[in-house]
Amino acid sequence: MSTDAQQAAQDWTHWHEERTATVSAPYGPLSLTGTHWLSDYPEGRIPALPGQWREDGDELVLTAGVEDGLTVDGKPFTGEARLTADRGPIGESRVAHGERRLVVLSREGLWAVRDFDPDSRARKAFRAIDATPYDARWALSGTFRPYATARTVRVENADGVERGLGLGGEIAFEVDGTEHTLQVAVEHDGSLWAVFADATSGNSSYRFRFLRSAAPAEDGSVTVDLNRALLPPCAFADHFICPFPPPGNTLPIAVGAGERNRVDH
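Given the structure is predicted, the values throughout are model-derived calculations rather than measurements.

Asker: For unusual backbone geometry, give the residues involved together with the corresponding values.
Answerer: For Asp 73, which is not glycine, the phi dihedral falls at a positive 55 degrees. One can find Asp 73 in the loop between strand S4 (71-72) and strand S5 (75-76). Positive phi outside glycine occurs at Glu 108, with the angle close to 50 degrees. You can see Glu 108 is positioned in the loop between strand S8 (100-107) and strand S9 (110-116).

Asker: A description of the sheet that holds strand S14 (residues 192-196) should follow, citing residues and the corresponding values.
Answerer: Pairing in this open sheet of 6 strands is antiparallel, and the strands run S15-S14-S13-S12-S11-S16 from one edge to the other. Taken across any chain shown, the strands that pair with only one partner, and hence form the sheet edges, are strand S15 (209-213) and strand S16 (221-225). If you compare each strand with its neighbour and ignore which way they point, the axes differ by 45 degrees on average. As paired elements, strand S13 (residues 178-186) and S14 share 2 bridges and run antiparallel to each other.

Asker: For the pattern of salt bridges, give the residues involved together with the corresponding values.
Answerer: As enumerated under the stated definition, the model contains 16 salt bridges in all. Asp 119 is paired through a salt bridge with Lys 124; the nearest N and O atoms lie 3.2 Å apart. Using a relative accessible area of 55% as the deciding quantity, one classes Lys 124 as exposed. Residue Arg 145 is joined to Glu 179 by a salt bridge in which the shortest nitrogen-to-oxygen separation is 3.3 Å. Placement of the pair is Arg 145 in strand S11 (residues 139-156) and Glu 179 in strand S13, with a sequence separation of 34 residues. With a relative accessible area of 34%, Arg 145 lands in the partly exposed category. Connected via shared salt-bridge partners are Asp 56, Glu 59 and Arg 82.

Asker: Mind laying out the packing of aromatic side chains, listing which residues take part and the relevant values?
Answerer: The final tally for this structure, using the stated rule, is 5 aromatic pairs. Ring centres 5.2 Å apart and planes at 90 degrees place the aromatic pair Trp 193 and Phe 210 in the edge-to-face group. Note that Trp 193 is positioned in strand S14 and Phe 210 in strand S15, a separation of 17 residues in sequence. Relative to Phe 210, the ring of Phe 208 has its centre 6.3 Å away and its plane inclined at 40 degrees; by these criteria the two rings are tilted. Members of the aromatic cluster, connected to one another through ring pairs, are Trp 193, Tyr 206, Phe 208, Phe 210 and Phe 244. A cation sits over an aromatic face here: Arg 151 above Tyr 147, 3.5 Å from the ring centre.

Asker: Give a detailed account of the nonpolar core, specifying residues and quantitative values.
Answerer: Counting residues in hydrophobic clusters, the biggest one holds 31 residues, and the most contacted among them are Phe 208, Phe 210, Phe 236 and Phe 240. Sorting the residues of this core by element identifies helix H1 (3-23), strand S10 (126-132), S11, strand S12 (162-175) and S14 as the ones contributing at least two each. Residues in contact with Phe 236, not counting those within four places in the same chain, are Arg 19, Val 23, Pro 29, Leu 30, Ala 122, Phe 126, Ile 129, Leu 231 and Arg 262. Counting 20 residues, the second-largest nonpolar core is a separate cluster that includes Val 175, Leu 182, Ala 229 and Ile 253.

Asker: Go over the pairing of S8 with me, naming the residues and quoting the values.
Answerer: Of all 8 residues in S8, 6 are buried, a share of seventy percent or more. Across 3 bridges, strand S7 (residues 95-97) lies against S8 in antiparallel orientation. Pairing of Val 95 across the sheet is with Leu 102, part of S8. In sequence, S7 turns back onto S8 through a hairpin of 2 residues, with Gly 98 there showing a positive phi of about 65 degrees. What sits between the antiparallel neighbours S8 and S9 is a turn of 2 residues, in which Glu 108 has the positive phi angle 50 degrees.

Asker: Give me H1: which residues, what numbers.
Answerer: Spanning 21 residues, H1 covers 30 Å between terminal C-alpha atoms, matching the ideal 30 Å at 1.5 Å per step. Looking only at H1, the buried set comprises Ala 5, Ala 9, Trp 12, Trp 15, His 16, Arg 19 and Val 23. Projection of H1 onto a plane perpendicular to its axis shows the buried side chains occupying an angular sector of 120 degrees, all on one side. Facing away from the buried side of H1 by more than 90 degrees, the exposed set consists of Thr 3 and Thr 22. Buried-residue contacts for H1 involve S10 and strand S17 (258-264).

What counts and how
For every chain, the first residue of its written sequence is number 1, and the numbers climb from 1 along that sequence. Predicted model: local features are reported for residues with pLDDT of at least 70 only, side-chain atom pairs are reported and counted for 80 or more only, and whole-chain, interface and lining totals are derived from all residues. Hydrogens and waters are ignored; side-chain quantities use all the structure's heavy atoms. Segments assigned H or I by DSSP are reported as helices when at least four residues long, segments assigned E as strands when at least two residues long, and all are numbered from the N terminus. For two strands to pair, DSSP has to find at least two bridges joining them. Axes, fitted as lines to C-alpha atoms, cover a helix only where it is in contact. Angles between the N-to-C directions of the axes lie from 0 to 180 degrees. Think of a salt bridge as a Lys or Arg side-chain nitrogen and an Asp or Glu carboxyl oxygen that are within 4 Å of each other. Residue burial is assigned from relative accessible area. The probe radius is 1.4 Å, only protein chains are included, and a residue is buried under 20% of its type maximum, exposed over 50%, and partly exposed in between. Two aromatic rings from Phe, Tyr or Trp, using only the six-membered ring of Trp, form a pair when their centres are within 6.5 Å; if the ring planes differ by under 30 degrees the pair is stacked, by over 60 it is edge-to-face, and anything between is tilted. By the criterion adopted, a ring carries a charge over it if an Arg CZ or a Lys NZ lies within 6 Å of its centre and within 35 degrees of its normal. Grouping buried Ala, Val, Leu, Ile, Met, Phe, Trp, Tyr and Cys residues that are joined through side-chain atoms within 4.5 Å yields what is termed a nonpolar core. Two residues qualify as a contact provided that any one of their heavy atoms is within 4.5 Å of a heavy atom in the partner residue. In a helix, the anticipated span is given by 1.5 Å times the number of residues less one. Directions pointing from the helix axis toward each C-beta atom define the arc.

If you want it as structure tokens, here you go:
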């Protein structure tokens, strides 16, 4: 193995270890025990959560008494608080109930509260992420082809609801001499994100995966490293609303690389 290949393999091992640590962290995806949409509780009482939660325009209003045992911004809370969507790390969400973090979410004009509990059954059961060891054959040279104008497609999400998925272009790459393409979203920092499936999906790997690539160079060149195909958050907890692959993002080949499945005790 060349020095470059050895370094790439070591980098992948470090990445895999970090991924495992992130997933199994106290407020990682395994700790999500519920996503509660306020539209399902018009009276504002969510059975699984203390307090009363109601929408008010572009804010969410939380009302709680001493008996609810809530804290807001780290201090015991009673009365009324006006909240917006939490954007930072889960552990820094404004509302907490003991070790649980109650995270305010807004998606396409709808409000929800997510309940992250470090004591979740899924986190206790987790053992590892099954992933294929690094193989240089799957670190591919690709080209990013931006769309003239960004587009949005409606795709089903893991909770069965259709939502919009923004797409800014496609990446093209070759596997064994055949070109393949994946539609991608362009993140704020210029990096690329794809939701894709392949011939292993639902068999030897989870039903779909994510792929993230660094921002392309000025000439559009980009590395498509399928060794870093990711399990989506919904592979770790049923309460995430991950988008399914858009039309055209199911590869006709078996991608024998990257993360495959969650492994429990």
